[in-house]
Amino acid sequence: MPIAGRPMVEWSLEAFRLAESVRSIVVACPPGFVHHRGRLPGVSEEEHRRTLPEPFVVQGGATRSESVRNALAAVETELVAIHDAARPLVTAELVDEVVATLLADPEAVGAIAAAPLTDTVKRSDRAEDLRRHSPQKTPLAIGETVDRGRLWAAQTPQVFRTAALRAALDAYPVDASEPTDEAMLIEAAGGRVLLHPSPGENLKVTTPLDLRVAELLLVDRAR
C-alpha cells in the first residue's frame with residue numbers, strides 16, 4: 001500500500017536501516033509476493049538496493065506466528081526485533097531505544113514499544129468485538145470500569161533474545177488462540193518482557209483515518 005509517495009513498508013525499512021543496533025533486515029511478505037530475487041512488490045530495483053543491504057525477503061505464512069517463524073529461520077543474531085509494516089512512523093531512535101532497554105536488563109527476555117492508556121477503560125457486559133458492533137444490534141452495556149493506571153497498549157518494534165523467541169514459538173500450545181504479538185508468546189513461556197514508552201506518532205494504520213493521519217505526519221517529517 002502506498003503512503004506519502006512510497007510503499008508503506010519502505011518507511012519502516014528506512015528506519016531500521018538507519019538504526020545503529022540493526023545488522024540485517026528480514027521481510028516476511030504475503031504468500032505469492034516474493035519475486036525478482038526477493039525484491040519487495042512495488043519497490044524498484046534501485047530502491048531495493050538502497051533500502052535493503054541484502055535481499056532477506058521470505059514468504060510469510062497464513063498467520064502472524066507462521067510469518068514470524070519463517071522470518072526467524074533467516075535470523076543469525078542474538079537479538080531480533082519484530083515490527084509491523086503497518087507502523088510506518090517508526091524511527092531509528094525508537095528501535096535503538098527498545099534494544100537498549102532489553103540489553104540493560106540481563107534478566108529480561110524481551111522489550112516492547114508501548115503507550116500508556118489515557119482514556120477511561122470500560123469492559124462490556126458480554127464478549128463481543130466492538131469494532132463489528134452495529135447500532136442495529138442489542139446495545140452493549142458497561143460491565144465494569146477498568147483501572148487504567150497499569151494498562152499499556154502494546155506496539156512494535158518488539159525486541160527479543162532470538163533463542164528465547166524461537167523456544168516460545170515452539171512451546172506455544174497448538175490449540176491456543178493465535179497470539180496477537182510476540183510478547184504474548186514470551187509471557188506464556190514465563191519470560192520477563194519490559195515496556196518502553198513510545199512516542200504518540202507511532203500509530204498503526206488500520207483505518208482510512210489512520211492512513212490519512214500517518215500520511216500527513218510522514219509528509220511533514222520529509223520536509
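Now for a look at the structure at hand. (Residues numbered from 1 in each chain as written. Predicted model: local features only at pLDDT ≥ 70, side-chain atom pairs only at ≥ 80, totals over all residues. Heavy atoms only, no water.)

## Examining the overall build of the chain
- Broken down by element type, the chain carries seven helices and ten strands.
- Expressed as a percentage of the 223 residues in the chain, the buried residues total 38%.
- By sequence separation, contacts in the chain at least 24 residues apart represent 71% of the contacts at least 6 residues apart.
- For the chain, the accessible surface area stands at approximately 13000 Å², while carbon and sulfur atoms represent 54% of it. (Helix = DSSP H or I, 4+ residues; strand = E, 2+ residues; numbered from the N terminus. Buried < 20%, exposed > 50% of the residue type's maximum accessible area, 1.4 Å probe, protein only. Contact = heavy atoms within 4.5 Å. Areas by Shrake-Rupley, 256 points an atom, 1.4 Å probe, with all protein chains shown as cover.)

## Digging into the sheet that holds strand β9 (residues 152-161)
- Pairing within the open sheet is mixed, and its four strands lie in the order β5-β9-β6-β10. Each of the sheet's edge strands pairs with one partner strand only, and the pair in question is β5 (79-82) and β10 (193-197). Looking at each pair of strands side by side, their axes are set apart by 30 degrees on average, direction ignored.
- Alignment of β5 against β9, held across four bridges, turns out to be antiparallel. Counterpart to Ile 82 in the pairing with β9 is Gln 158.
- Its contacts with the sheet put helix α4 (residues 92-103) on β5, β6 (110-116), β9 and β10, and the angle it makes with β9 is roughly 70 degrees.
- Packed onto the sheet, helix α5 (residues 162-171) meets β5 and β9 and runs at close to 110 degrees relative to β9. (Pairing = 2+ DSSP bridges. Axes fitted to C-alpha atoms, helices over the stretch in contact; angles between N-to-C directions.)

## Concerning unusual backbone geometry
- The omega torsion of the bond from Thr 156 to Pro 157 falls at 15 degrees, within 30 degrees of zero and hence cis.
- Here Pro 157 lies in strand β9.
- Positioned with a positive phi, Ala 4 is a non-glycine residue whose angle comes to about 55 degrees.
- Its location among the elements puts Ala 4 in the loop between β1 (2-3) and β2 (6-7).
- Judged by its relative accessible area of 22%, Ala 4 is partly exposed.

## A closer look at the pattern of salt bridges
- Per the stated rule, a full pass over the model turns up eight salt bridges.
- Of the charged contacts, one joins Arg 6 and Glu 14 as a salt bridge, the two residues approaching to 3.3 Å between their closest N and O atoms.
- Between Arg 192 and Asp 105 there is a salt bridge, with the nearest N and O atoms lying 3.0 Å from each other. Separated by 87 residues along the polypeptide, Arg 192 in the loop between α6 (182-188) and β10 and Asp 105 in the loop between α4 and β6 bring together distant segments of the chain.
- Judged by relative accessible area, Arg 192 falls into the partly exposed class, the value being 45%. (Salt bridge = Lys/Arg side-chain N within 4 Å of Asp/Glu carboxyl O.)

## Observations concerning the nonpolar core
- Counting 21 residues, the largest nonpolar core has Val 90, Val 98, Leu 102 and Val 159 as its most contacted members.
- Where this core is concerned, the elements lending two or more residues are α1 (8-18), β3 (27-29), α4 and β6.
- Ranked by the residues each element gives to this core, the list is headed by α4, at six residues.
- In this structure Val 90 touches Ser 12, Ala 15, Phe 16, His 83, Val 95, Pro 157, Asn 202 and Arg 221, once residues within four positions along its chain are discounted.
- Counting residues in hydrophobic clusters, the runner-up holds 16 residues, among them Val 75, Ala 114, Phe 160 and Tyr 172. (Core = buried A, V, L, I, M, F, W, Y, C linked by side-chain atoms within 4.5 Å.)

## Structural notes on a nonpolar patch on the surface
- On the surface, Leu 209, Val 213 and Leu 217 cluster together to form a nonpolar patch covering roughly 250 Å² of accessible area.
- With respect to the helices, strands and loops of the structure, Leu 217 is situated in helix α7 (residues 208-222).
- Classification of Leu 217 as partly exposed rests on a relative accessible area of 34%. (Patch = residues over 30% accessible without salt bridge, like charges linked within 9 Å, V, L, I, M, F, W, Y side chains within 5 Å.)

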